Amino acid sequence: MSSVITATAAPAAAPNLPPPADTLLEVRDLRTYFHVMDGTVRAVDGVSYSIKRGQTLGIVGESGCGKSVTALTVMRLLDIPPAEIASGSVWFKGRDLLTYTDEQMRLVRGNEISMIFQEPMTSLNPVYTIGDQISEGVVLHQKLSKKAGLEKAIESLRLVGINNPERRVKQYPHEMSGGMRQRAMIAMALSCDPDLIIADEPTTALDVTIQAQILELIRKVQDETGAALMLITHDLGVVAETVQDVVVMYAGRVVEQGSVDEVLLAPKHPYTEGLIESIPSKGKRGQRLNVIKGTVANPFNLPKGCNFMPRCPYAFDPCPAHDPRIGDASPPDVACWLYTRAPGAGPPPKLRPRVPALEVGPS
Amino acid sequence: MIDTSDQTLPAAGQGVARARSEVLVKVDGLVKYYPIFGGFLRRKMGDVKAVDDVTFTINRGEVFGLVGESGCGKSTLGRTLIRLQPRTAGAATLAGEDIFAKKGKDLKRLRRRMQIIFQDPVGSLNPRMPISDIIGEGLLAQADDENKWGKRDVRDARVGDYLDAVGLRRDYSRRYPHEFSGGQRQRIGIARALALSPEVVICDEPVSALDVSIQSQILNLLLDLRREFDLTYLFIAHNLSVIQYISDSVGVMYLGKLVEVADVDELYSNPRHPYTIALLSAVPEPDPRVRKRRIVLTGDVPSPAAPPSGCRFHTRCWLREQLGRPEVCSTEVPELRVVAGGHNVACHFAESVTPAAAVEAAHIIPTPIASDDAEPIAAIGGLTGEGLEAAEVTEAAEAAQAEVAGTDDAGTDAGTGDRPA
């Protein structure tokens, strides 16, 4: 099941060749930095992952860990400067998107890769009708007439379960509720039959019953259209129910990756373990929650060795000085010195195998 | 005191609180309407029925969880209860004293006993005040000859004590809110609320804006403080896992009405209101081994300016569909009534939800996960479990689909009052 994710070695070791043909998207050693007044933020610092055609990948992490910036880099939606793509490559269907001109990129965006944003209110333009906004993409990419574009918009609204789409296309975003707007966003993302859908926190702003509707819908359309899905979220529950593989990010790095089962049931990285243990649930009633101490690393002042070291309950000798990376380690799907020998250090201490109690939630 | 150390402290409230069951807060038929003005001469056109006839009690030392979706009136209820805004009708008492009858000095004394922790740790702290002034502002307002809070040194000492209590350093007191992280700001908000030694604290979504790892730190802190200062919480949240973790009793709200109130274990293991069951089934489960039998509610929450007649949930109710749309749902408002010891439900057909069926519906059905396990999570199938043939189930599902059409449109056509995103 974990075959979707291939640990990519550092680019120095492997020449930058296109990935195998069944890999839809492969991000290799991507580094995105922001140069701002207070210094440089290494928002994405050496991230690699890949998605095969039709597969689903979840990217999990807390706010500021760089999960959205990775997606925006793939879509080339960042302002350069202040952003800088310092290194890396983004292979999509065998071509490196980072070498594309803006013109070429425009043919990819919304057409081959489309994105569903978090805030359905702010991501829709309030002065255009829903129909105009959905058909804009099809008219541009598929060279349809305006009228045919509107037809297509109606069709995609119907696909996402909006009733009376003929009337809806003439409405403005403010005339719809939050759940409906998110459906319209999804319709927009689907209108050009993309090969990859990037959903950035698609349900975070929604209520739990509406979230259930939207997740069901995303699953359904992904199933029907065969598009690959990259789901960015902080909610482990959403991940467990929606995707096959997971990448866990912390402070701009991938700290652990694997199939949903591997990562959620037997987490290896102390951060993943801490995240799972801090979910409040029934089984933990009456006990203190096992929290991750401290706060998320300051992006201007990252620790020298492992970024997670100051918060890690298992930190030992090599952690303050040596920076673990996925790819350095064996097994290669966790960036932690507990699982591999650090340069110049002895073997890692034997820790009891610890499987956090993934208590069944509220019910 | 906030770190990962000492694991097993006495129960989050079970033992301590249950022992004494003195009623501290009693809310009786509380109503809060917001008038809508419009049209020619800006006449009153109607009301947004934010809180409509809500009754419950909170025992001393208990955590009462109030859960519901956005726009259901849970925050309005909290704010009205502590008189941050006038009520429309109804009564409430704090330790037997009428909350709404107080005036002048008495009201001021009452405010000291009821405090609130707000959701947004950024918006609720004045950026131009050092945190010593933010925390001390309530003390200054409540200063009298007895407590001497009017004196700077007395006040500062107390501010320092409460910074300690919430796990912040005393010497941070002259810093400004922007110098703190989100979790620390929430601690400041908590210190501000507690500095007046309140009896009841309204926690209005105190952890919703925080990251998971910070959220658990704040939950631990709130439970520690409750024990230390002998507090009673009205804990408002939309996150069902948080409510389950922290509460002793839970009230579920839908469109301004309390639809179900019960002890936390009873509510989560034996939910009786169809809305509660749907809500519980909608929570995504972080354990990939389990798959829920999910009830996907159709459509959106109707506008509280024009709530549906009869039972407010009837436009989205899956149980009503199963029962063949009985008329009583749309004509008569169901009263909150006792169905079992301490378990109150406002549904005409709560008895049709057999414990077994509800457990099956809201509980998780472990299935071996397989990548090709694309089996759609049954919409309404087999909820009452008794005598429902497969065909009927599909019919019910289709009927529900048809109903979506109606509600969807109705919801948005109501237009103006539609809840914001």
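Only a predicted model underlies this, so the values are computations on that prediction, with no experimental measurement involved.

**Some thoughts on the overall build of chain B**
Within chain B one finds 14 helices and 14 strands. Buried residues in chain B amount to 47% of all 421 residues.

**Focus on the overall build of chain A**
Scanning chain A from terminus to terminus reveals ten helices and ten strands. Out of the 363 residues in chain A, the part that is buried amounts to 55%.

**Side note on the pairing of strand S3 (residues 63-67) of chain B**
Residue and element names in this part refer to chain B. Counting buried residues in S3 gives five out of five residues, a clear majority hidden from the surface. Where burial is concerned, the two faces of S3 agree: the one with Val63, Gly65 and Val67 and the one with Phe64 and Leu66 are both buried. Where S3 and strand S8 (residues 232-237) come together, five bridges link them in parallel fashion. Counted as the bridge partner of Val63 is Tyr233 from S8. The pairing of S3 with strand S9 (residues 249-254) spans four bridges and is classified as parallel. For Leu66, the partnering residue across the bridge sits in S9 and is Gly251.

**Some thoughts on the confidence of the model for chain B**
Residues and elements named next belong to chain B. Looking at chain B, the pLDDT average stands at 78 and 79% of residues meet or exceed 70. Counted against residues more than four places away or in other chains, residues 362-421, with its pLDDT under 50, gives 105 contacts. On the interface metric, ipTM, the complex scores 0.78, and its pTM is 0.79.

**Section: the sheet that holds strand S9 (residues 245-250) of chain A**
All names here are of chain A. Spatial ordering of the open sheet is given by S6-S7-S8-S3-S9-S10, a layout of six strands whose pairing is mixed. At either end of the open sheet lies a strand with only one pairing partner, and these are strand S6 (113-116) and strand S10 (253-259). On average, adjacent strands in this sheet sit at an angle of 15 degrees to one another, irrespective of strand direction. Of the strand pairs in this sheet, S6 and strand S7 (residues 196-200) are connected by four bridges, and their pairing is parallel. When the bridges of S7 are listed, Ile116 appears paired with Ala199.

**Remarks on the environment of Gly150 of chain B**
Tracing the backbone through its elements, the reader meets Gly150 of chain B in the loop between helix H4 (131-141) and helix H5 (152-165). Sequence-distant contacts of Gly150 of chain B, that is, excluding residues within four places in its chain, are made with Leu140 and Ala143 of chain B.

**Some points on the pairing of strand S4 (residues 89-94) of chain B**
All names here are of chain B. Relative to S4, strand S1 (residues 23-38) is paired through five bridges, and the arrangement is antiparallel. By the bridge assignment for S4, Lys26 is matched with Thr93. For S4 and strand S5 (residues 97-98), the ladder comprises two bridges, and the chain directions are antiparallel. Residue Thr93 lies in a different strand from S5, and its bridge partner there is Asp98. Between S4 and S5, which pair antiparallel and follow one another directly, the connecting turn spans two residues, one of which, Ala95, has a positive phi of 50 degrees.

**Focus: helix H2 (residues 74-81) of chain B**
All names here are of chain B. Here H2 lies mainly inside the structure; seven of its eight residues are buried. Burial in H2 covers these residues: Lys74, Ser75, Thr76, Leu77, Gly78, Thr80 and Leu81. Arg83 lies just past H2 and shows a positive phi near 60 degrees.

**Looking at unusual backbone geometry**
Residues and elements named next belong to chain A. For the bond running from Ile80 to Pro81, omega is -20 degrees, close enough to zero to count as cis. Along the chain, Pro81 falls in the loop between helix H1 (67-74) and strand S4 (83-92). Looking along the chain, the bond that leaves Pro81 and enters Pro82 is cis, with omega of 10 degrees. Following the sequence through the fold, Pro82 ends up in the loop between H1 and S4. The phi angle at Asp29 is positive, at roughly 45 degrees, despite the residue not being glycine. On the secondary structure map, Asp29 appears in strand S1 (residues 23-36). For Asp29, a count of 21 C-beta atoms within 10 Å gives the class buried.

**Regarding the environment of Gln213 of chain A**
Topologically, Gln213 of chain A is positioned in helix H7 (residues 208-225). Once the C-alpha coordinates of Gln213 of chain A and Thr203 of chain A are considered, the two residues, ten residues apart in sequence, prove to be 9.7 Å apart. When near neighbours in sequence (up to four residues on either side) are disregarded, Gln213 of chain A contacts Gly179 of chain A together with Val296 of chain B.

**Things to note about helix H7 (residues 212-229) of chain B**
Side chains that are three or four residues apart share a direction in an α-helix, a result of its 3.6 residues per turn. Given a rise of 1.5 Å per residue, 18 residues ought to cover 26 Å, and the 26 Å separating the end C-alpha atoms of H7 of chain B matches this to within 8%. Immediately downstream of H7 of chain B, the backbone of Asp230 of chain B shows phi near 60 degrees, a positive value.

**Examining the sheet that holds strand S7 (residues 200-204) of chain B**
Hydrogen bonds along the backbone pair up the strands of a sheet, which may run parallel or antiparallel. All names here are of chain B. Here we have eight strands laid out as an open sheet, ordered S6-S7-S8-S3-S9-S10-S13-S12, and mixed in their pairing. Where the open sheet ends on each side, the last strands, each with one partner, are strand S6 (114-117) and strand S12 (337-340). Strand-to-strand twist in this sheet, taken as the mean axis angle between neighbours without regard to direction, amounts to 25 degrees.

**Considerations on the confidence of the model for chain A**
All names here are of chain A. In this model, chain A carries a mean pLDDT of 80, and residues with pLDDT of at least 70 account for 88%. Across residues 1-13 the pLDDT falls below 50, and counting only partners more than four positions away or on other chains, this stretch makes 34 contacts in the model. Low pLDDT (under 50) marks residues 359-363, which in the prediction has 29 contacts with non-local residues, meaning those over four places away or in another chain.

**As for the nonpolar core**
Counting residues in each nonpolar core, the largest one holds 202 residues, and the members touching the most others are Ile186, Ile198, Met230 and Val248 of chain A together with Leu234 and Phe235 of chain B. Those residues in contact with Ile186 of chain A that sit more than four places away from it in its chain are Ile116, Val160, Leu217, Ile218 and Val221 of chain A.

**Here's the deal with the packing of helix H3 (residues 130-141) of chain A against helix H6 (residues 178-190) of chain A**
What describes two packed helices is the angle between their axes and the distance between those same axes. Residue and element names in this part refer to chain A. In the contact formed by H3 and H6, the axes pass within 8 Å of each other and the chain directions differ by 25 degrees. On the basis of their axis angle, the class for H3 and H6 is roughly parallel. Along this stretch, H3 crosses H6, giving a crossing that reads as right-handed. Seen from H3, the contacting residues are Ile130, Gln133, Ile134 and Gly137; seen from H6, they are Ala184, Ala187 and Met188. Looking at side-chain class alone, the contact of H3 with H6 contains five nonpolar, two polar and no charged residues.

**Side note on the environment of Cys203 of chain B**
Residue and element names in this part refer to chain B. Turning to its location among the elements, Cys203 is positioned in strand S7. As for Cys203 and Asp144, which are separated by 59 residues in sequence, their C-alpha atoms are 27 Å apart. Apart from residues no more than four positions distant in its own chain, Cys203 is found in contact with Ile117, Leu222, Tyr233, Leu234, Phe235 and Ile236.

About the thresholds
- Residues numbered from 1 in each chain as written.
- Chains lettered and ligands numbered in written order.
- Predicted model: local features only at pLDDT ≥ 70, side-chain atom pairs only at ≥ 80, totals over all residues.
- Helix = DSSP H or I, 4+ residues; strand = E, 2+ residues; numbered from the N terminus.
- Buried ≥ 20, exposed ≤ 12 C-beta atoms within 10 Å, placed from the backbone.
- Pairing = 2+ DSSP bridges.
- pLDDT = per-residue confidence, 0-100.
- Contact = placed C-beta atoms within 7 Å.
- Axes fitted to C-alpha atoms, helices over the stretch in contact; angles between N-to-C directions.
- Expected span 1.5 Å × (residues − 1).
- Core = buried A, V, L, I, M, F, W, Y, C linked by C-beta atoms within 7 Å.
- Parallel < 35°, antiparallel > 145°, perpendicular 65-115°, else oblique.
- Left-handed = near helix turned anticlockwise from the far one by under 90°.
- Nonpolar A, V, L, I, M, F, W, Y, C, P; charged D, E, K, R; others polar.

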